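# Working through the structure, step by step
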Amino acid sequence: MFWRKKKEEEEPVVAEAIANAPPIDQKPFLQAIWPVLACGAGLFSDGYVNNVIGSVSTILGYEYGDVYSNSNAASIVPAIAFAGTVVGQLFFGYLSDKWSRRDSLLISTIILILFTAISAGSYYRGDAVGMFNILTAWRFFVGIGIGGEYPAGSVSCSESSGELKAGTRNMWFILFTNSMIDWGFVIGAFVPYVVAAAAHNIYYSTIWRTSLGIGVVFPMVLFIMRLKLKEPEEFSRNSMKHAKTPYLLVFKYYGFRLLIVSLIWFIYDFSTYSFGIYSSTILANIYGDSGPLTTVLGWNTVINLFYIPGTMLGAPLSDRFGPRKTLVVGQVLQAIVGFIMAGCYAKLSHPSVVGAFAVVYGIFLSLGEMGPGNNIGLLAAKTCATGVRGQYYGMAAAFGKIGAFVGTYVFKHIASADGDPIKSSQYKFYVSSSLCIFSAALALLLPHVSQDTITEEDAKFRLYLESHGWDTRQLGLKKGEIIESLPEESEDNAPVAKA
């Protein structure tokens, strides 16, 4: 086929370009892992802040009853942070490419700390509906802060992982990005349970405000760590921060790939965040109005714990088999469990067998983490050149968050015509499992990601730009430098001095 022939012709040239490139310093492990941790671990806040709001929404229902449950806030409060996250991902995606990875991270962390604290103190003249509106507004700005973590944090994490030992790079990237989100999900479910137990299930306002406010602690610690960060070496060499980005060429080269990554991310977030946010609501429906708040939140914590084995045990698989294959296998297995759960839901949805429900539901979530949860961010971060990686990743992640926003709004409307709660929950699993199969098929269209894909992708993109007349001496151009002062490149890409 034509594309295969083109690839065969390109490989020797790419290999030569990589061989001629200056090597990335292999630092001692503790020195190399530090920026990977500091850049990626901020996504813990994404997991915590987005999952805790599901429990907060349940608590608001207990506190305000129909005033909350029948208001627009019941669907907007859990979902509005996703809208802010989309804005943050797009804005900080551009900023991280054209300004600074490190400084973009610091700004987004400050926004996250500030508005998480303010949202915990939401108040409006003693009026419940007014307070719901204020909480919604602050949650939007929290989302902007979270959004910055994706293009600035995860992209820096992927670039810094190149300084780690080959054969482990994908694993460490996953452990400090998606695994951090999943631990945030678990802690975001556990904290409301502990606070509810301490408050004896009655001081509802204290429970939800404290649960939100605790979300400030981790980004504050992370902010101090990030003050010591430097720009990743790959970014310093191949950025376009001081060059005019050839967006038309970028779109021609990466447009289709970006579309596929974005669709997979949309489907993953559509299901995962919706199930995560509404898991406590599903459990509340199983127990009915008689279920104590701590019982509902406790089982919600157990369910969220199943994210952990999926992401932690699945991380090494992405090095062993590659992220694309691992994603496909995880999606197919998740679909199978989802269809089984939909078929058996009538038997599982009784308080007497809630343990069985939690286990099967947890396995469903765990397989999702092993597949797309671990690997979609990895694929987004490593299937694009460094010069536009922040914007590429930001757009793909934004498309994913649109899926999360749509999912949290649509999920409550996926229901049977007769209003049967059993059938309604079954339909949710049927829809999600069908989307898993579609997502697995899309993943087959993506390229293989190796240990050195970032370096290889930069070399391929450089050759592509040169073949279309774009002067690649602009890559890595420093502030104050002009292209005329740089040495010209010979045909074998080696710099030669001007006469």
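The shown structure was predicted, so the numbers you read here are calculated from the model rather than taken from an experiment. Along every chain, residues carry numbers that run from 1 in the direction the sequence is written. Owing to the predicted nature of the model, reporting of local features is limited to residues with pLDDT of at least 70; listing and counting of side-chain atom pairs is limited to 80 or more, with chain, interface and lining totals taken over all residues. Working from all heavy atoms in the structure, the side-chain values ignore hydrogens and water.

### Overview of helix α5 (residues 73-98)
Defined as follows: Numbering goes from the N terminus for both helices and strands, where a helix is a DSSP run of H or I of at least four residues and a strand is a run of E of at least two. Each helix should span, by expectation, one fewer than its residue count multiplied by 1.5 Å. Bend angle per residue: angle between axes fitted to the 7 residues ending at that residue and the 7 residues starting there. Using a 1.4 Å probe on the protein chains alone, a residue whose accessible area is under 20% of its type maximum counts as buried, one over 50% counts as exposed, and one in between counts as partly exposed.
Its 26 residues place the ends of α5 37 Å apart at the C-alpha level, agreeing with the 38 Å of an ideal helix rising 1.5 Å per residue. Along α5, the sharpest change in direction is near 40° and occurs at Ala-79. Most of α5 sits inside the fold, with 20 of its 26 residues counted as buried.

### Regarding the packing of helix α3 (residues 43-64) against helix α14 (residues 293-305)
Formally: Each axis is a line fitted through C-alpha atoms, taken for helices only over the stretch in contact, and angles between the N-to-C directions span 0 to 180 degrees. Oblique is the label for every angle not falling under 35 degrees (roughly parallel), over 145 degrees (roughly antiparallel), or within 65 to 115 degrees (roughly perpendicular). For a crossing to be left-handed, the near helix must be turned anticlockwise from the far one by less than a right angle; the clockwise case is right-handed. In what follows, residue pairs with any heavy atoms lying within 4.5 Å of each other are defined as contacts. Charged residues are taken to be Asp, Glu, Lys and Arg, nonpolar residues to be Ala, Val, Leu, Ile, Met, Phe, Trp, Tyr, Cys and Pro, and polar residues to be all remaining types, Gly included.
The contact between α3 and α14 brings their axes to 11 Å, and the two run at 165°. Classified by the interaxial angle, the pair formed by α3 and α14 is roughly antiparallel. Between α3 and α14 lies a crossing of right-handed hand. Between α3 and α14, the contacting residues are Asn-51, Ser-55, Thr-58, Ile-59 and Tyr-62 on the first element and Leu-293, Val-296, Leu-297, Asn-300 and Asn-304 on the second. Among the residues forming the contact of α3 with α14, the class breakdown is 5 nonpolar, 5 polar and no charged.

### Some remarks on the packing of α5 against helix α18 (residues 389-410)
The contact between α5 and α18 brings their axes to 8 Å, and the two run at 175°. Between α5 and α18, the angle falls in the class roughly antiparallel. The residue makeup of the contact of α5 with α18, split by class, is 14 nonpolar, 9 polar and 3 charged.

### Quick look at the side chain of Ser-433
Here is the rule: Between N or O atoms, a polar contact is any pair within 3.5 Å; within protein, one atom must be a potential hydrogen donor and the other a potential acceptor, and residues adjacent in sequence are included only when both atoms are from side chains.
One can find Ser-433 in helix α19 (residues 421-443). Ser-433 gets classed as buried once you look at its relative accessible area, which sits at 0%. In this structure the side chain of Ser-433 is engaged in a polar contact, spanning 3.3 Å, whose partner is the backbone nitrogen of Phe-339. Setting aside residues up to four positions removed in sequence, Ser-433 forms contacts with Gln-334, Ala-335, Gly-338, Phe-339 and Phe-364.

### Focus on a nonpolar patch on the surface
Defined as follows: Like charges within 9 Å and nonpolar side chains (Val, Leu, Ile, Met, Phe, Trp, Tyr) within 5 Å are joined into patches, using only residues over 30% in relative accessible area that form no salt bridge. To measure how exposed things are, a 1.4 Å probe is used in the Shrake-Rupley method; for residues, cover is taken only from the protein chains shown. One side-chain nitrogen of Lys or Arg within 4 Å of one carboxyl oxygen of Asp or Glu is enough to make a salt bridge.
Together, Val-329, Val-332, Leu-333, Ile-336, Phe-339, Ile-340, Tyr-427, Tyr-430 and Ile-437 give the surface a local cluster of nonpolar side chains, amounting to about 730 Å² of exposed area. Elements with a contribution of two residues or more to the nonpolar patch: α16 (323-348) and α19. Sort the elements by how many residues they give to the nonpolar patch and α16 lands first, with 6 residues. Here Tyr-430 shows up in helix α19.

### Looking at the environment of Ser-318
Structurally, the position occupied by Ser-318 is in helix α15 (residues 307-320). Contact partners of Ser-318, with chain neighbours within four places excluded, come to Asn-170, Ile-174, Pro-323, Thr-326, Asn-375 and Leu-378. Separated by 2.5 Å, the side chains of Ser-318 and Asn-375 make a polar contact.

### Thoughts on the packing of aromatic side chains
The relation between two aromatic rings is expressed through the spacing of the ring centres and the mutual angle of the planes. Stated formally: Two aromatic rings from Phe, Tyr or Trp, using only the six-membered ring of Trp, form a pair when their centres are within 6.5 Å; if the ring planes differ by under 30 degrees the pair is stacked, by over 60 it is edge-to-face, and anything between is tilted.
Counted by the stated rule, this structure contains 23 aromatic pairs. Between Tyr-64 and Phe-132, the ring centres sit 5.2 Å apart and the planes meet at 90°, which makes this aromatic pair edge-to-face. Taken together, the residues Tyr-64 in helix α3 and Phe-132 in helix α7 (residues 128-160) connect sequence positions 68 residues apart. Arranged with centres 6.3 Å apart and planes meeting at 20°, the rings of Phe-461 and Tyr-464 form a pair that is stacked. Separated by 3 residues within a single helix, Phe-461 and Tyr-464 lie in helix α20 (residues 453-467), roughly one turn from each other. Neither residue differs from the other here; Phe-461 and Tyr-464 are each classed as buried. Ring pairing ties together the aromatic residues Tyr-253, Tyr-254, Tyr-392, Phe-461 and Tyr-464, which thus form one cluster.

### Describing the environment of Gly-61
With respect to the element layout, Gly-61 can be found in helix α3. With 13 residues separating them in the primary sequence, Gly-61 and Ala-74 have C-alpha atoms 8.2 Å apart.

Functional significance is not addressed by these values, which are geometric in nature.
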